Amino acid sequence: GWATLPAAAWRQGVALASRSAVPAEVLAGSLDRRRLGARVSAITLRSGRLVRRLAAADPAFDGAPGWHAAEAEDAVAWRWTEGEALLPAGAFAGFDPSEPVALRVELMGGLCYFVAEGERRAA
């Protein structure tokens, strides 16, 4: 689905936030010590007639806070967040600063996460 970002919000910057885990701490046999959050294959932004799709391999993500390097397997690419990641600074270039922007995040499979005792689980 799409989320609508009011103009005042996206002009200040947008962060994607999710649960995160270290694979070596939750998956038997994993040696991966990176903190991984969401596994993103693409982000699409839309306002009026302007549509921008940022695929995971897009270099705009390189150096953006909270993103790991792009990975690929069988021509399918993704990037993990660290649990909180800022959309690249140039992602909103060209959008009317007085108009809202619709955002869609395309996710791939994720990790298993521990739920602390007493923590409510999402339905």
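The rules behind the values
- Residues numbered from 1 in each chain as written.
- Predicted model: local features only at pLDDT ≥ 70, side-chain atom pairs only at ≥ 80, totals over all residues.
- Heavy atoms only, no water.
- Helix = DSSP H or I, 4+ residues; strand = E, 2+ residues; numbered from the N terminus.
- Buried < 20%, exposed > 50% of the residue type's maximum accessible area, 1.4 Å probe, protein only.
- Contact = heavy atoms within 4.5 Å.
- Lys, Arg positive; Asp, Glu negative; His and termini not counted.
- Charge placed at Lys NZ, Arg CZ, Asp CG, Glu CD.
- Polar contact = N/O pair within 3.5 Å; in protein donor to acceptor, adjacent residues only side chain to side chain.

Caption draft 1: A look at the overall build of the chain. When its secondary structure is counted, the chain shows 2 helices and 8 strands. Counting from the amino terminus, the chain carries its helices and strands in the arrangement β-α-β-α-β-β-β-β-β-β. In terms of its C-alpha atoms, the chain occupies a principal-axis envelope of roughly 50 × 35 × 20 Å. When each of the 123 residues of the chain is scored for burial, the buried share is 33%. Sequence-distant contacts in the chain: of pairs separated by 6 or more residues, those separated by 24 or more amount to 64%. Side-chain charges of the chain comprise 14 positive and 14 negative groups, with the mean position of each set lying 5 Å from the other.

Caption draft 2: Here's a closer look at the environment of Asp 58. Along the chain, Asp 58 turns up in the loop between strand 4 (50-55) and strand 5 (71-73). Counting along the chain gives 31 residues from Asp 58 to Ala 89, while the straight-line C-alpha distance between them is 13 Å. In terms of polar contacts, Asp 58 uses its side chain to reach the backbone amide nitrogen of Ala 60, at 2.8 Å.

Caption draft 3: A look at the side chain of Arg 79. Turning to its location among the elements, Arg 79 is positioned in strand 6 (residues 76-80). Looking at Arg 79, its side chain comes within polar contact range of the main-chain oxygen of Asp 58, at 3.3 Å.

Caption draft 4: How the structure looks around the side chain of Ser 41. Relative to the assigned elements, Ser 41 resides in strand 3 (residues 39-47). Beyond its immediate chain neighbours, meaning those up to four positions away, Ser 41 contacts Ala 55, Ala 56, Ala 77, Trp 78, Glu 106, Leu 107 and Met 108.

Caption draft 5: Region of interest: unusual backbone geometry. With phi around 50 degrees, Asp 74 is a residue other than glycine that occupies positive phi space. When you line up the elements, Asp 74 lands in the loop between strand 5 and strand 6. A positive phi is found at Ala 75, a non-glycine position, where the angle reads about 65 degrees. For Ala 75, the location among the structural elements is in the loop between strand 5 and strand 6. Taking relative accessible area as the criterion, Ala 75 reaches 84% and is therefore assigned exposed.

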